[in-house]
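# Observations on the model geometry
In case you want the letters, here they are:
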Amino acid sequence: MAAIVRRQRQRRRVCWALVAVLLADLLALSDTLAVMSVDLGSESMKVAIVKPGVPMEIVLNKESRRKTPVIVTLKENERFFGDSAASMAIKNPKATLRYFQHLLGKQADNPHVALYQARFPEHELTFDPQRQTVHFQISPQLQFSPEEVLGMILNYSRSLAEDFAEQPIKDAVITVPVFFNQAERRAVLHAARMAGLKVLQLINDNTATALSYGVFRRKDINTTAQNIMFYDMGSGSTVCTIVTYQTVKTKEAGMQPQLQIRGVGFDRTLGGLEMELRLREHLAGLFNEQRKGQRGKDVRENPRAMAKLLREANRLKTVLSANADHMAQIEGLMDDVDFKAKVTRVEFEELCADLFERVPGPVQQALQSAEMSLDEIEQVILVGGATRVPKVQEVLLKAVGKEELGKNINADEAAAMGAVYQAAVLSKAFKVKPFVVRDAVVYPILVEFTREVEEEPGVHSLKHNKRVLFSRMGPYPQRKVITFNRYSHDFNFHINYGDLGFLGPEDLRVFGSQNLTTVKLKGVGDSFKKYTDYESKGIKAHFNLDESGVLSLDRVESVFETLVEDSPEEESTLTKLGNTISSLFGGGTTPDAKENGTDTVQKPSEKAEAAGPEGIPPAPEGEKKQKPAKKQRMVEEIRVELVVLDLPDLPEDKLARSVQKLQDLTLRDLEKQEREKAANSLEAFIFETQDKMYQPEYKEVSTEEQREEISGKLSATSTWLEDEGFGATTAMLKEKLAELRKLCQGLFFRVEERKKWPERLSALDNLLNHSSMFLKGARLIPEMDQIFTEVEMTTLEKVINETWAWKNATLAEQAKLPATEKPVLLSKDIEAKMMALDREVQYLLNKAKFTKPRPRPKDKNETRAEPPLNASASDQEEKVIPPAGQTEDAEPISEPEKVETGSEPGDTEPLELGGPGAESEQREQSTGQKRPLKNDEL
């Protein structure tokens, strides 16, 4: 009996634990009703959301555009984003930052830093002395890192999404280029943290594009593998991806579609921006040629002029994609001199000839990494804005040897849609059809370590070992375990990139450090001293390459095992009960509980080195009395010290300061917007009210003195706003507006009341007339058919008379008052009288609608008409078969006499909350009937 009670208690605890988990999930759902994705391109970004009722929608920005420029203008007291910042690039190019993503995760000696400085010489770059990263020096007081600038852009994208979704959003999936390494991905995560965003995943933009393509073509995917090549040339880079689509069998949902990244190739600097820079340089040369005899300055030395030329080059590239030639023209390019020049598509292609030669490069890289040939590729699909250039399509078509290039995907929005689909999958608030995504590792990662070996007796040497942790084009996310078997003391090992031979010399320089982290282990020797009687199973390091492609070392453990005797008599009843409950919930035999401060672990599912069997199979049923010895595993946590080698992480104190800096800027922007709104409201009120002072309807209800007082106050406030308003706070502006509204309140009230009188009085007259006609008709109903009581009709008559009397008296009193005084005839009083009268009429109408007619007495001499001889059986009344034991001649049971209350016996009467007054209660008592409710009475 005691065992049964304990078992029930254990089950109750498990049930309560499950309830607690479900409640936690429900609470989490309440905060994640909407999620967003941000497709961060070099030139522009696309934001998408998904929320209940809005499945996968691109967000419109404040200019109602689906694409927003990734530009920010930073001034001393204000910021501009998107299209507003793009227009500011001409006026203030130094403070306008663009293409800053190219500097993420880069140190001072990186070639991309020098390239950025050459492309945009107007920006002053400084360097962090500790991390050797880049900072934008806007002014002596303003300095921002690329992560902080990206954080501002992400925060702005969230504000756009929240305005569109009309609710707060904190969860996001952000796209990153597939060629981003560990340092660059961590920089994006730091930027998102500064913006206060919870990153569900950093998804590669090529994977997001492939996911969008597959989701909208789910029905076309089957067990036969389909190999699709996506060629994405954007503004800053080019990526070629080979994707295999097919259905696979999953444990959770059966057969489901899957995409697998098979091959990737890229060119970090091949894109539309480089073409525009070539065009800009060409236009600058033409302008200098036109002014050659005027001894003018080189246009390249004028940042504003170069910003104008870059904008014109962008427009020219787009136009030349559809036209053979076009006229470039800029009004007032420099020194009030206009620029005009004709550029042909042939000239443009000659300028970018070396760029077009690089177009096939990513295709060959992707084929090599996938170990495939072009014959196995079914279709080549174009993605990205720069693929619209005709020469790019011509060279690519020749390189892939296909009849045509696929253009059946939205080249601008595919990545954003795929990312927001993944956001819905990762969110707990949506149920999404499964689509398996198998992304691929672009840069292999390995572990290197050195250990001492004894080749001959007394002769020791060091042996360098390498173990591949994540291989190139291997799937992720996944976890791996490396086991170090021959260490009994503290040691170090290194995490580095693997073979990067597929990168060219220039790409390797841009890539940066190939060494990731040095791991220093502390406490290995102490663990061996602690478990001297146990057999060592090695030092196990657990690695995780998560959904964002970011590598982390979860933990390092020293594992020991020993054989222990285990007899049935020694096992307690509580242990048996625990094992039984574990088996009910799908668990098998559990490891021993914690002992001496150590943890028990289960066997890892994936290991870089085989560790052998972790346990002994259970004994057969017939050998229960003699159980063999069991292996007891003991785990000791090893302290870890990480030395980051590629790019030092941002210290927590600096990260906190950056978060606070961005929050202060956002708060300042909100306060500025609020002040501008208050100033605009005050200015608009002054102008509108000054204009109203001359309108007849306002003159009619005001005296000359009143108008002069209001006009004087308006003029004084307007003068104050012009002279001192620029320094006024938001509170001061709101206070001024409140004073003016209070002064004009009586005037505006009198005008508004007079505007409402005609309509309200006409409605009241119509209701009185119809009510009188209804009452007159009700009194003409014969006594035998009368459904209304005298009390009810008298009450209605009383309300009608009282309303007529109130109207006539109030109109007479209002006529005696001057128009400049507060009226006694108020629209709200008219509406109240109408509601009271309508309530009485509706009560009687509802009673007439639901009351059943009284039965009339039957005439004894009344005869029943016989049916015609030719009538069919169906036309005649149905013959009633009497019950057993009763003849057909038996007389029917008489129906009980009805009580004339207007309702059937047994009917449930509605409960009324509050009545029209004492008269209504008296009527209910006299008739015994509750009147039906109107919709607005509850």
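Heads up: these notes are all about the structure in this document. Bear in mind that the values here come from a model prediction, so they are computed numbers and not experimental data.

For the rest of this paragraph, the subject is unusual backbone geometry. At the junction of Tyr-476 and Pro-477, the peptide bond is cis and its omega measures out at 5 degrees in the coordinates. The backbone of Glu-166 sits at a positive phi, close to 60 degrees, despite the residue not being glycine.

Moving on, we get to the side chain of Asp-267. Here Asp-267 shows up in strand β15 (residues 254–267). Look at Asp-267 and you get buried, because its relative accessible area is 15%. Among the polar contacts listed, one links the side chain of Asp-267 to the side chain of Arg-358, at a separation of 3.0 Å. In this structure, Asp-267 is in contact with Ser-237, Thr-238, Arg-358 and Pro-362, ignoring residues within four places of it in sequence.

We now examine the pairing of strand β25 (residues 515–522). Across a regular strand the side chains alternate sides, sitting on one face of the sheet and then on the other. One ladder, built from five bridges, connects strand β24 (residues 492–497) with β25; its direction is antiparallel. Its bridge partner lying in β25, Phe-493 is registered against Val-519. When β25 meets strand β29 (residues 639–644), the two strands line up antiparallel, connected through six bridges. The partner of Leu-521 across the bridge, within β29, is Val-640.

On the surface, a cluster of negative charge is contributed by Glu-683, Glu-722, Asp-723 and Glu-724. Inspection of the secondary structure assignment puts Glu-683 in helix α17 (residues 652–692).

Leu-154, Phe-230, Tyr-245, Phe-484, Phe-493 and Phe-543 are the most contacted members of the largest nonpolar core, which totals 129 residues. With residues near it in sequence (within four places) discarded, Tyr-245 still touches Ala-210, Tyr-213, Gly-214, Ile-221, Thr-224, Ala-225, Gln-226, Ile-228, Phe-230, Gln-258, Leu-259 and Phe-435. Membership of the second largest hydrophobic core comes to 45 residues, among which are Ala-284, Ala-328, Ile-330 and Phe-348.

Attention now moves to the packing of α17 against helix α19 (residues 704–723). Contact pair α17 / α19: the axes reach a minimum separation of 10 Å and the direction vectors enclose 145 degrees. Along this stretch, α17 crosses α19, giving a crossing that reads as left-handed. Contact residues: Leu-682, Glu-683, Ile-686, Thr-689 and Gln-690 in α17; Ile-710, Leu-714, Ser-715, Thr-717, Ser-718, Trp-720 and Leu-721 in α19. The residue makeup of the contact of α17 with α19, split by class, is six nonpolar, five polar and one charged.

Right, let's get into the sheet that holds β15. Read across the sheet, six strands follow the order β18-β13-β14-β15-β19-β22 without closing on themselves; strand pairing throughout is mixed. Strands with a single pairing partner mark the edges of an open sheet, and in this sheet they are β18 (379–383) and β22 (475–476). Here strand β13 (residues 226–233) pairs with β18 via five bridges, running parallel. When the sheet's bridge partners are listed, Tyr-231 is paired in β18 with Leu-382.

By the definition in use, this model includes 45 salt bridges. The shortest N-O distance in the salt bridge between Arg-65 and Asp-83 comes to 3.0 Å. One end of the pair, Arg-65, is in the loop between β3 (54–58) and β4 (68–69); the other, Asp-83, is in helix α2 (residues 82–91), and 18 residues separate them in sequence. Classification of Arg-65 as partly exposed rests on a relative accessible area of 47%. Using a relative accessible area of 17% as the deciding quantity, one classes Asp-83 as buried. A salt bridge links Arg-300 to Asp-298, with the shortest nitrogen-to-oxygen separation between them at 3.3 Å. Residue classification places Asp-298 among the partly exposed residues on the basis of a relative accessible area of 28%. Through salt bridges with shared partners, a single network forms among Lys-75, Glu-78, Lys-672 and Glu-676.

Pairing within the open sheet is antiparallel, and its three strands lie in the order β6-β5-β7. Each of the sheet's edge strands pairs with one partner strand only, and the pair in question is β6 (79–81) and β7 (96–98). Geometrically, the sheet is characterised by an average inter-axis angle of 20 degrees between neighbouring strands, direction not taken into account. Both strand β5 (residues 71–74) and β7 contribute to a ladder of three bridges, which runs antiparallel. By the bridge assignment, Thr-73 is partnered in β7 with Thr-96.

A word on α2. All of the buried residues in α2 are Gly-82, Asp-83, Ala-85, Met-88, Ala-89 and Ile-90. Taken together, the buried residues of α2 touch β4, β5, β6, β7, α4 (146–165) and α8 (303–320).

When two helices pack together, their arrangement is given by the angle between the helix axes and the distance between those axes. One way to put it is that helix α5 (residues 182–194) packs onto α17 with a least axis distance of 9 Å and a crossing angle of 50 degrees. Looking at the two axes, α5 sits oblique to α17. Each of His-190, Arg-193 and Met-194 in α5 lies in contact with α17, whose residues at this interface are Glu-652, Leu-655, Ser-658, Val-659 and Leu-662. The residue makeup of the contact of α5 with α17, split by class, is four nonpolar, two polar and two charged.

What counts and what doesn't
- Residues numbered from 1 in each chain as written.
- Predicted model: local features only at pLDDT ≥ 70, side-chain atom pairs only at ≥ 80, totals over all residues.
- Heavy atoms only, no water.
- Helix = DSSP H or I, 4+ residues; strand = E, 2+ residues; numbered from the N terminus.
- Buried < 20%, exposed > 50% of the residue type's maximum accessible area, 1.4 Å probe, protein only.
- Polar contact = N/O pair within 3.5 Å; in protein donor to acceptor, adjacent residues only side chain to side chain.
- Contact = heavy atoms within 4.5 Å.
- Pairing = 2+ DSSP bridges.
- Patch = residues over 30% accessible without salt bridge, like charges linked within 9 Å, V, L, I, M, F, W, Y side chains within 5 Å.
- Areas by Shrake-Rupley, 256 points an atom, 1.4 Å probe, with all protein chains shown as cover.
- Salt bridge = Lys/Arg side-chain N within 4 Å of Asp/Glu carboxyl O.
- Lys, Arg positive; Asp, Glu negative; His and termini not counted.
- Charge placed at Lys NZ, Arg CZ, Asp CG, Glu CD.
- Core = buried A, V, L, I, M, F, W, Y, C linked by side-chain atoms within 4.5 Å.
- Axes fitted to C-alpha atoms, helices over the stretch in contact; angles between N-to-C directions.
- Left-handed = near helix turned anticlockwise from the far one by under 90°.
- Nonpolar A, V, L, I, M, F, W, Y, C, P; charged D, E, K, R; others polar.
- Parallel < 35°, antiparallel > 145°, perpendicular 65-115°, else oblique.

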